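# Residue-level structural notes
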Amino acid sequence: MKIICIGRNYAEHVRELNHDTPEHPLFFIKPDSALLQRGQPFFYPDFSTEIDYELELVVRINRLGKNIQPKFAHKYYSEVALGIDFTARDLQREAIDKGNPWTMAKGFDDSAVVSEFVQLTDMGKDIQDLNFELRKNGSTVQQGYTGNMLFAVNDLIAYVSQYMTLKIGDFIFTGTPAGVGSIQIGDTLEGLLENRPMLSCRIK
Ligand code: MG
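Residues numbered from 1 in each chain as written. Predicted model: local features only at pLDDT ≥ 70, side-chain atom pairs only at ≥ 80, totals over all residues. Heavy atoms only, no water.

### Here's the deal with the coordination of the magnesium ion
At 2.0 to 2.1 Å from the magnesium ion lie its protein donor atoms, namely Glu 54 (OE), Glu 56 (OE) and Asp 85 (OD). Binding-site remark: the magnesium ion is held by donors from one chain whose sequence spacing is E-x1-E-x28-D. Taken together, the positions of Glu 56 in strand β5 (residues 55-61) and Asp 85 in strand β6 (residues 77-85) put the pair 29 residues apart, joining distant regions of the chain. By the burial criterion, Glu 56 is buried, and Asp 85 matches it. (Donors = N, O, S within 2.8 Å, 3.2 Å for Na, K, Ca; no water. Helix = DSSP H or I, 4+ residues; strand = E, 2+ residues; numbered from the N terminus. Buried < 20%, exposed > 50% of the residue type's maximum accessible area, 1.4 Å probe, protein only.)

In structure tokens:
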């Protein structure tokens, strides 16, 4: 399986990183070795001194598809989760400055935390009408609303599937809202979807 991650999909997050608003979705890939099993701690790696959290809504693909039209994209998923896209911001910045690929800054081991999945039908809400929140050590640090995405989930699926075949079990991290920040050893991160606790991750 592959983990497709969307960048710059919330305007306020684009502003906080001083980036330009994208004209089309931006995406990159994390390998399956980046997945952190539920409930496992995240061990702070030696190669970075600036790891950021990015809480994101995650969609699981449940049908094989290529060149999917936006109007049919809703048929390719039924469940959502929350995920944390851990980012070695120092390595990413250095790579960008040098014009190098920044795969290692995003794709390192355990950099993709994914919660349990819930059926959208059980939530009784549209995928573009979901509130989610990240708490660090009990304090809210990120609050997102999927209605504020620059590119809606169905448009993301249509766009990405022009380039890459989507397979059953692939994940799409749909971008992070404003409020990204760094983690320290000893922190605990908790993700809530519609006020429902979905994930908890200790930093060791
Ligand atoms: Mg991200």
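### Let's talk about the side chain of Thr 146
Looking at the secondary structure, you find Thr 146 in the loop between β11 (139-145) and α5 (153-163). Relative accessible area serves as the criterion here: at 0%, Thr 146 is assigned to the buried category. For Thr 146, the side chain forms a polar contact with the main-chain nitrogen of Leu 130, separated by 2.9 Å. If near-sequence neighbours (up to four positions away) are discounted, Thr 146 is found in contact with Tyr 10, Leu 57, Ile 127, Gln 128, Asp 129, Leu 130 and Phe 132. (Polar contact = N/O pair within 3.5 Å; in protein donor to acceptor, adjacent residues only side chain to side chain. Contact = heavy atoms within 4.5 Å.)

### Remarks on the sheet that holds strand β4 (residues 51-53)
Remark on secondary structure: sheet strands pair via backbone hydrogen bonds, oriented parallel or antiparallel. Taken in spatial order, the three strands line up as β7-β4-β13 in an open sheet, and their pairing is antiparallel. Every other strand in the sheet has two partners, leaving β7 (87-88) and β13 (181-182) as the edge strands with one partner each. Relative to β7, β4 is paired through two bridges, and the arrangement is antiparallel. Residue pairing for β7: Asp 52 is matched across the bridge by Thr 87. (Pairing = 2+ DSSP bridges.)

### What about the environment of Ser 161?
Its location among the elements puts Ser 161 in helix α5. Taking relative accessible area as the criterion, Ser 161 reaches 0% and is therefore assigned buried. The spacing of Ser 161 and Asn 67 is 94 residues in sequence and 5.1 Å in space, taken between C-alpha atoms. If sequence neighbours within four positions are ignored, Ser 161 has contacts with Gly 65, Lys 66, Asn 67, Ile 68 and Leu 166. Side-chain polar atoms of Ser 161 contact the backbone oxygen of Ala 158, separated by 3.2 Å.

### Comments concerning the nonpolar core
Within the largest apolar cluster, 47 residues are counted, with the highest numbers of intra-cluster contacts made by Val 80, Phe 86 and Leu 193. In contact with Leu 193, not counting residues within four places along its chain, are Leu 57, Val 80, Leu 82, Val 118, Met 123, Leu 130, Asn 131, Phe 132 and Met 198. Counting eleven residues, the second-largest nonpolar core is a separate cluster that includes Phe 28, Val 58, Val 114 and Phe 173. (Core = buried A, V, L, I, M, F, W, Y, C linked by side-chain atoms within 4.5 Å.)

### Concerning the sheet that holds strand β14 (residues 188-193)
In spatial order, the strands read β11-β10-β14-β15; together these four strands make up an open sheet with antiparallel pairing. Edge strands, defined here as strands with exactly one partner in the open sheet, are β11 and β15 (196-202). The sheet shows a mean angle of 15 degrees between the axes of neighbouring strands, taken without regard to direction. When strand β10 (residues 131-136) meets β11, the two strands line up antiparallel, connected through six bridges. Bridge pairing links Leu 134 to Gln 142 in β11. (Axes fitted to C-alpha atoms, helices over the stretch in contact; angles between N-to-C directions.)

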